[in-house]
Amino acid sequence: MSATGGQPRPGAALAVLALCAATFVAAAFLLNREGGFWSPDSALRYVQVESLLRSGFRDASVPYPAAELDPAGRFFPASAWFHFRRDGRDYLSYPPYFPAASAVPYRVLGHYGLIVLPVLGGLLAVWATFAALRTLVPELAAWGAAAVGLATPLLVYSGLFWDHSLAAALGAGAFALTAVTLARGEEARVRALLAAGALLGLGFWLRNEMYLLAVAVGLAWLATCAPRQRAGVVPLAVGVALAALPVWLMNLRLFGNPMGWKAGGLVAGRSAEVAQAVTGTGTVGWLAERGANLYHVLFALDFTTIFADAPGIPPQAVTAGLLVGGFLVGAAWLFRAGGQRRAQRLLAAGALAASAGVLFAASGRTPLAGLLPAVPLVVLAALPARWDRWQRFVAVACALYVAAVVTTGSHAGLQWGPRYLLPIVPALVWLAATALRDARAAAPELWPSLRTSAGIVAALGVLVQAAGLDHVSTVTTNNVRALAVVRAAPSDVVASAIGYLLMSAGPIYFEKRLMLVDTIEDLEALVQTLAERRVPEWTYVPRSGPDFDPRVVAGWTAPDGWRYLPVRDRLPYANLRVVTFRGAPVPASAAR
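Residues numbered from 1 in each chain as written. Predicted model: local features only at pLDDT ≥ 70, side-chain atom pairs only at ≥ 80, totals over all residues. Heavy atoms only, no water.

1. Concerning the sheet that holds strand β5 (residues 537-541)
Okay, step 1: Spatially, five strands are ordered β4-β3-β5-β7-β6 in an open sheet, and the strand pairing comes out mixed. The open sheet terminates on both sides in strands that have one partner only, identified here as β4 (513-516) and β6 (562-573). Averaged over neighbouring strand pairs, the angle between their axes works out to 25° when direction is ignored.
Okay, step 2: For β6 and strand β7 (residues 576-585), the ladder comprises nine bridges, and the chain directions are antiparallel. What sits directly across from Tyr-573, in β7, is Leu-576.
Okay, step 3: Docked against the sheet, helix α18 (residues 447-487) engages β3 (493-496), β4, β6 and β7, running at close to 145° with respect to β6. (Pairing = 2+ DSSP bridges. Helix = DSSP H or I, 4+ residues; strand = E, 2+ residues; numbered from the N terminus. Axes fitted to C-alpha atoms, helices over the stretch in contact; angles between N-to-C directions. Contact = heavy atoms within 4.5 Å.)

The following block contains the structure:
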């Protein structure tokens, strides 16, 4: 896999794919060995998988195990953002198509079958990278493909039951087809552009942000192509429509909206926010929120800072995030200046600055959210380059996509690296590879320093992903431990005010009757509901942990004299408290 020039060696693609496949599979076993989930998104998708299998793929809704006690679904164990009701049925807000495709390998391989498609998605993104760079930067095709697989968050998401690696594969494939068309100077490769559009349209089956990517690619094509090539946007759009039409029709039938329940709500909500900002109502708040999004997309060292109570850029960890971002932006400037001035010392300083920033970021053992600390390879794109038409197209498309995510997104929640940006991460690595190639061609005497500096930055990327695997594995272990506590509850009715806990409880969703109570009023209403149905025993996991006073529940008595008293109170670990109540009649004179 030499990068000394010319085409990659025979077998290079197979060697890179084999290396990445072995690494992805190892990551999948590491992250899934306990049968739990890192993210509630994955756990809820697991509920969809089980529901589809139990219904024989005839129903996309999910059963509510506590429906007998709560026919109206008031206490469904997922908040309104993740769950909705339609025609008397309960649905999770995620499109059911990825869970449906995952159900087949799951039926055969059990829990590890859930990781088959994510691993395949990661490998397809690596293969698309090699296929693209074989034309765009042949001398770095193998190394670029390996970097995408091993030095970006694609490694982490390929080992998780999530659809992000598949979105990355579709984005990489679409960029490969369009960029290669431009690099070859072909005026009308209709089939290639149709295929690129179809890949973008297939993304609509998975994730809402793929709509933004399709728009960004189309606009970038019009903005950067030669006049004779602009008509290529037509086959791009046709390809998108052909792949998207079936899912639009299915969404319309299932959810009453062609974009699906969640995407439709997002479009309406974001449109209203933008309209208010443009008319001057809430403009400052909207701009502050966009600033917070920009910070999290590019610099944040901990995604949880987005949940600060104050509007705008949250105060926690911002200084550290901006400091690391400053080191990495400084590294990019030093690399560019070193290439322009042919100064080896500047290149060495750039590698040192990148190392300082990344090592500080990784040492914090926090869930990195920003692009720069999670994908340090992007700083190499600042090296002086020729900027051919295909590079301008990719750069403009990526910039438009980032702007769209910042403008329309709220926050990405739990993540390692900017997961909403994963569809463009391979293309950003391509820009870094071409910049490295062009800098070498402009100053061959710098190649030893360039090669060493690039190797250091790539190694930093691998280190970051290793830290990501460690973080995800640790959190998953903690989730499994908490789930074991809930599973061990003596009663089958389990209520909690901790939404994260219930939404992560996919493996026991069909074992317990889980119920979510957001407020003290909800808790009192639930107690009255259970009392009316004479439920003999139930368990509560309070948000306040040790501070919860079970006497509050004991003080609520049903009108006909039924009261719940605590019979078991445990604090297994940390702040996870489990209180079991047993019902009994009390004299009417004692009833409230």
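2. Topic: the environment of Trp-416
Okay, step 1: Tracing the backbone shows Trp-416 in the loop between α16 (389-408) and α17 (425-442).
Okay, step 2: The exposure class assigned to Trp-416 is buried, which follows from its relative accessible area of 2%.
Okay, step 3: Ignoring sequence-local partners within four residues, the contact set of Trp-416 consists of Trp-38, Pro-153, Val-156, Tyr-157, Thr-366, Pro-367, Leu-368, Val-464, Gln-465, Ala-467, Gly-468 and His-471.
Okay, step 4: There is a polar contact of 3.4 Å between the side chain of Trp-416 and the side chain of Gln-465. (Buried < 20%, exposed > 50% of the residue type's maximum accessible area, 1.4 Å probe, protein only. Polar contact = N/O pair within 3.5 Å; in protein donor to acceptor, adjacent residues only side chain to side chain.)

3. Things to note about the confidence of the model for the chain
Okay, step 1: Averaged over every residue, the pLDDT of the chain is 90; residues scoring 70 or more account for 93%.
Okay, step 2: Ranking the elements of the chain by mean pLDDT puts helix α11 (residues 261-278) last, at 71, and helix α6 (residues 154-157) first, at 98. (pLDDT = per-residue confidence, 0-100.)

4. Remarks on a nonpolar patch on the surface
Okay, step 1: A surface patch of nonpolar side chains, about 530 Å² in accessible area, is lined by Val-25, Phe-29, Val-108, Leu-109, Tyr-112 and Val-116.
Okay, step 2: Every element with two or more residues in the nonpolar patch is listed here: α1 (12-32) and α3 (97-109).
Okay, step 3: Along the polypeptide, Phe-29 turns up in helix α1. (Patch = residues over 30% accessible without salt bridge, like charges linked within 9 Å, V, L, I, M, F, W, Y side chains within 5 Å. Areas by Shrake-Rupley, 256 points an atom, 1.4 Å probe, with all protein chains shown as cover. Salt bridge = Lys/Arg side-chain N within 4 Å of Asp/Glu carboxyl O.)

5. Remarks on the packing of helix α9 (residues 209-224) against helix α10 (residues 233-255)
Okay, step 1: In the contact formed by α9 and α10, the axes pass within 10 Å of each other and the chain directions differ by 170°. The angle between the axes of α9 and α10 places the two elements in the roughly antiparallel class. Judged by the sense of rotation from one axis to the other, the crossing of α9 with α10 is left-handed. For the pair formed by α9 and α10, the contact residues are Tyr-211, Val-217, Gly-218, Trp-221 and Leu-222 on the first element and Val-233, Leu-236 and Trp-248 on the second.
Okay, step 2: The class makeup of the residues in the contact of α9 with α10 is seven nonpolar, one polar and no charged. (Parallel < 35°, antiparallel > 145°, perpendicular 65-115°, else oblique. Left-handed = near helix turned anticlockwise from the far one by under 90°. Nonpolar A, V, L, I, M, F, W, Y, C, P; charged D, E, K, R; others polar.)

6. So, the packing of aromatic side chains
Aromatic ring pairs are defined here through the distance separating the ring centres and the angle between the ring planes.
Okay, step 1: For the coordinates displayed, the defined rule picks out 24 aromatic pairs.
Okay, step 2: The rings of Trp-538, Tyr-540, Phe-548, Trp-562, Tyr-564 and Phe-581 are connected pair by pair, giving a single aromatic cluster.
Okay, step 3: Here Arg-45 stacks its cationic end above the ring of Tyr-94, 4.1 Å away from the centre of that ring.
Okay, step 4: Over the ring of Phe-510 we find Arg-54; its NZ or CZ atom is 3.9 Å from the centre of that ring. (Phe/Tyr/Trp six-rings, centres within 6.5 Å; stacked < 30°, edge-to-face > 60°. Lys NZ or Arg CZ within 6 Å of the ring centre and 35° of its normal.)

7. Re α10
Okay, step 1: Taking the largest bend as the criterion, α10 deviates by roughly 40°, centred on Ala-244, and proline Pro-246 comes between one and four positions later.
Okay, step 2: Residues of α10 that are buried: Pro-235, Leu-236, Gly-239, Val-240, Ala-243, Ala-244, Val-247, Asn-251 and Phe-255. (Bend = angle between axes of the 7 residues up to and from the residue.)

8. Regarding the pattern of salt bridges
Oppositely charged side chains can form a pair if their charged atoms are brought close together.
Okay, step 1: Applying the stated criterion to the full structure yields 21 salt bridges.
Okay, step 2: Arg-54 serves as the salt-bridge partner of Glu-50, at 3.2 Å between the closest nitrogen and oxygen. One end of the pair, Glu-50, and the other, Arg-54, are both in helix α2 (residues 40-54), four residues apart, so they sit about a helical turn from each other.
Okay, step 3: Residues participating in the shared-partner salt-bridge network are Asp-41, Arg-45, Asp-163, Arg-207 and Glu-209.

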